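Breakdown of the fold
Now for the letters of each chain:
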Amino acid sequence: MIELKNIEKYYANKGVKSYILRHVTTSIKAGEFVSIMGPSGAGKSTLLNILGMLEEPTYGEYHFMGEDVTALNERKRIELYRNHIGFVFQAYHLIDEMTVAENIEAPLLYKKISSGERKSRIADILDRFNIVAKKDLFPNQLSGGQQQLVGIARALVAQPSIILADEPTGNLQSAQAEQIMDLFKKLNEEEKITILQVTHSEKNAQYGNRILNIEDGVIKEDLAVAVR
Amino acid sequence: MFKLNLKIALRNLWKNKGYTLINILGLSIGMASCILIFIFINYQMSYDKGYKNGNRIYRVVSEWKYTDGNDFHSQGVPRPLAAAMRNDFSQYLEKVSAIQGGGGIIKVNDAHGKERLKTTADVFYVEPDFFGIFDFKWLAGNAQALKDPNTTVLSKKMANRFFGNWQNAVGQSFNYQNDINYKVVGVIDDVPENNSIPLTIVLSYKNYKSKDLTNWSAVSSASECYVLLKKGFDVSSLDAPLSKFLTKYYTEKAPGKESHNFQPLNQIHYDERYGNFAGSIMPMKELYGLMVIGAFLMLTACINFINLATAQSVSRSKEIGVRKVMGSMRKQLIAQFLTETFAISVLALLIACVLTEAALPSMQNLFGAKISFSMLQNPVILVFMAVLTVVVACLSGFYPALVMSGFSPALAIKNKIKANTGGLGLRKVLVVVQFAITVVLIIGTLVIIKQMQYLRERPIGFNPSAIAMVDVPNDSISVQRYDALKQRIMQIPGVKSASFCSAAPSSLNNNGTSFSYNSSKDADFDLNTKMADENYFNTFGLQMIAGRTLSKSDTIKEFVVNETLLKKLNVLNPNDAIGKIMRVSRNFSGPIVGVVKDFNNNTLRDAISPIAIMSHKKTYTAIAVKMDSKLMMQTMKDIEKTWNSVYPEYVYGSSFLDDVINNYYQSEKIMGILFKVFAGVIIFISFIGLFGLISFVATQRTKEVAIRRVLGASTFELVKMLNGSFLLMVFIANLVAWPLAYLFVSKWLNGFAYRVDLSIWPFVLAMCISMFITLITVSIRSYKAARANTIDALKYE
């Protein structure tokens, strides 16, 4: 599903190149649950951003579902991630001025989905996440865990084939974090959604089935997680 | 504390250079416009001030009411009025004086009897009492000497010009109109320019000759009368004696009902119904209009300020929180924010001064007035600027200061303050107000431009191009040389035709008189008379619709009338009028021989008058020369040479009819230019304000924009989202502005007898202009925001 070949990313400052990523080559198959781990500043988030097409690599090739992403124009790229990628953020990044239901509806609006279809999908996902009662609340009226639930619901409502999650539990208490991670695992196993998460926590990484360890921009380890 | 405040204020301004620039730019342009308007109004309001008895001085003016509802006003009074009033009102009036304007040729000889100077100049015949009413400063001599005939008083400037030095002017003499020698008996200081009576050469009233000196039914606008009310009397106490006065002297029956009014001195410069000797009138309503425009300009600039300041307040919430936690009182915070506003206002004022100085020459040009930006000469300007700064600072600084200082410290420190606390609703209202003002000005400008174009292009019934109006003297000796003059002018190559006349078909100089048509009874309206010889019609290209033009004659023996006269007399077929006998001014009668197609005899503000054209050699004052437009320059020189050889003792004067007619619309032209300039300024101010606001909104919504991008929004969709509310606001502003603009322009257009139809187009155009500029302004910034790097905005908080 994802093929990375020799991905490099650096910032040139007064002639000095500071590398974020070096020679990253890997592939991720559909249905995997991959955790990217590593110390702060190792380049985890940059890698995730590149995978999410929010950033462009300085060098290298990136094939997403068989298409060369670096060669695509902006419109095509937007088209791609509209249809295939869902994002989940550490700070949730819900739009404060919109209610829970409206936040979940937002990506559907950009996919030009009819209003009836939108309503049924939102109702469906609210139901699945058990947050029907919260649908008219604003994000600041929810707890962190609830906000992240909404964040995941928003990512899922567009029915992506892959979810990119940047420290999804970083801002949460452990009980809430467990709940979220269980949800991810369930989504991965039951709905065969590919999940890619960046995390600091060894415990969270164990939910997945593969761990990429990054240090100083280089993939040091690529481990499979033993099935518990 | 203040010093610290100031330091922090300046640092903050420097930190937000973009907003500071927008604020200062908008404010300084608004302030400069205000200062210019103030200087101009201040100058206009200074007219006729500074006389000791100023509040007791009145001018007697005349008014005629006609049965058809028209009335007519003149600053002139019948010539015997001054003497009669002095007699009948002695109980109420301290002093009464007639003043008669005139003009002619002045010759000054040097000690050896050789001609030193020959010039035409305006003169005033004045009674000695005049100087009892107005306390002019005497440099030499006194007013009493003026009671003798053949005496004159000069202004310092004139005395210097005639005799080299005013100190030795007294006792010398000059010749006036090749007739009488006047002896200088006094010198007065120069009358300032802001005066409605520009006295330069004063002649003894005893020398004034006119056949109408005892005639109560003839009024010239050059015969004015001033009175000084006795102390302790109110002008209303004159009403009763005045009505007695009117019945006593106006015994003859005339078509119009005469009456007189006492016009206070301080109204003379502002009442457009009456003229004055200085020829400068500034109607109060135009000054008010300017004041309103100035206030609007200031308001839009202040709105920018408030909008940007409240918008910015969010980014300063942390500072406010910290200050509050440290124990700052709300008052102190307000003081700090006001210090900042003051710093901006003062900076803006400095730039405004530079702008004012730069704009002053073109302003002087536009108004033809000598206005100056000298604060030493006019300390009131300084006061105005101080007041302006304080008002601007308070108006624009107080609300943001109040909002910001009201933040709750706990929330503020956590950066939890939302922009909406700054009153987004209020900001929207302010933007709507700002744009409503802008749109009103745009519509006004469009309509004025259209009306001016209409006036320029409207056919006026004759052809004024390439016609020179050359003055001719009309004393009995000069009249005898008319034929020779015309003959010689006609021989000049490039001259097509020439005609002696009292005035061009369109002229500000119109004579009204009573008349009768086909009966012995006078008609109930006045007839406008034009004296002209037989070549008048082909010289000006007037078209006949019945009968023939005038035949050659030196005296009044037949008439050509216009369509309007026939319409007013209910004569439907022009041919019916031919041969009917008309009697004009009770003395002259003759048949109507032709009917001329209507032409505009006035400015296009007024409707066409009923007119009769007749020949009367004694009353011609000009010869109209139609030239070949290609040879005009040379022809004009030849005409002047010829004229000077025919009238060596007179001074040549001429004007082009085109210029004269264009000058009718001087005030409209000024108004048009003012509107264009101020509309430009206000558009500029509004749009930089808008740019500031969208910049802020874009920054504030960066995160939202980024999230939406991640959710799959395209750049176009994001720009659309950011622009939407602004376009809606400007649209609402248009809806608010339309009725206001309609009221304003339809009122202005009502001042014209000939005007464009008020269509929907200026309104639609104004809307398109405002929406289009808004779209561009806003899109520039929102496009940038929509294209911004997504991940920067989504970094962890």
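In what follows, the structure referred to is the one given above.
Here is a short report on the structure shown in this document. Since the model is a prediction, treat every value here as computed from it, not as a measurement.

**Notes on the sheet that holds strand 5 (residues 67-68) of chain A**
Residues and elements named next belong to chain A. Taken in spatial order, the 4 strands of this open sheet run 2-1-4-5, and their pairing is antiparallel. Edge positions in the open sheet fall to strand 2 (16-28) and strand 5, since each of these has one partner strand only. Here strand 1 (residues 2-13) runs beside strand 2; their pairing, made up of 9 bridges, is antiparallel. Across the sheet, the residue bridging to E3 is S27, located in strand 2. Relative to strand 1, helix 1 (residues 44-51) is tilted by about 120°, and along the sheet it contacts strand 1, strand 2 and strand 4 (59-64).

**Here's the deal with the sheet that holds strand 13 (residues 495-501) of chain B**
Residue and element names in this part refer to chain B. Reading across from one edge, 13-22-12-23 is the order of the 4 strands in this open sheet, with antiparallel pairing throughout. If you trace the sheet from one side to the other, it starts and ends with strand 13 and strand 23 (654-656), each paired once. Direction aside, neighbouring strands of the sheet carry axes that sit 20° apart on average. Examined bridge by bridge, strand 12 (residues 467-471) and strand 22 (residues 622-627) share 5 bridges and lie antiparallel to one another. Residue pairing for strand 22: M469 is matched across the bridge by A624. Sitting on the sheet, helix 14 (residues 482-491) touches strand 13 and strand 22, and the angle it makes with strand 13 is about 160°. Across the face of the sheet, helix 18 (residues 632-646) comes into contact with strand 12, strand 13, strand 22 and strand 23 while running at roughly 150° to strand 22.

**Notes on helix 3 (residues 81-88) of chain B**
All names here are of chain B. All of the buried residues in helix 3 are L81, A82, A84 and M85. Seen from one end, helix 3 has its buried residues packed into an arc of 165°, which puts them on one side. More than 90 degrees from the buried face of helix 3, the exposed residues found are A83 and N87. Buried residues along helix 3 sit against strand 1 (57-65), strand 3 (93-109), strand 10 (223-229), helix 6 (239-249) and strand 11 (257-264).

**Regarding the nonpolar core**
All names here are of chain B. Ranked by internal contacts, the top residues of the largest apolar core, which has 113 residues, are M469, F540 and I613. Ranked by the residues each element gives to this core, the list is headed by helix 20 (residues 666-700), at 15 residues. Inspection of this core shows a minimum of three residues originating in each of domain 1 (1-47 + 283-422) and domain 3 (474-649). Apart from the residues within four sequence positions on either side, M469 is in contact with C501, A503, A504, F540, A622, I623, A624, G653, S654, S655 and L657.

Each value, and the rule that gives it
- Residues numbered from 1 in each chain as written.
- Chains lettered and ligands numbered in written order.
- Predicted model: local features only at pLDDT ≥ 70, side-chain atom pairs only at ≥ 80, totals over all residues.
- Heavy atoms only, no water.
- Pairing = 2+ DSSP bridges.
- Helix = DSSP H or I, 4+ residues; strand = E, 2+ residues; numbered from the N terminus.
- Contact = heavy atoms within 4.5 Å.
- Axes fitted to C-alpha atoms, helices over the stretch in contact; angles between N-to-C directions.
- Buried < 20%, exposed > 50% of the residue type's maximum accessible area, 1.4 Å probe, protein only.
- Arc of directions from axis to C-beta.
- Core = buried A, V, L, I, M, F, W, Y, C linked by side-chain atoms within 4.5 Å.
- Domains from an automatic or database assignment.

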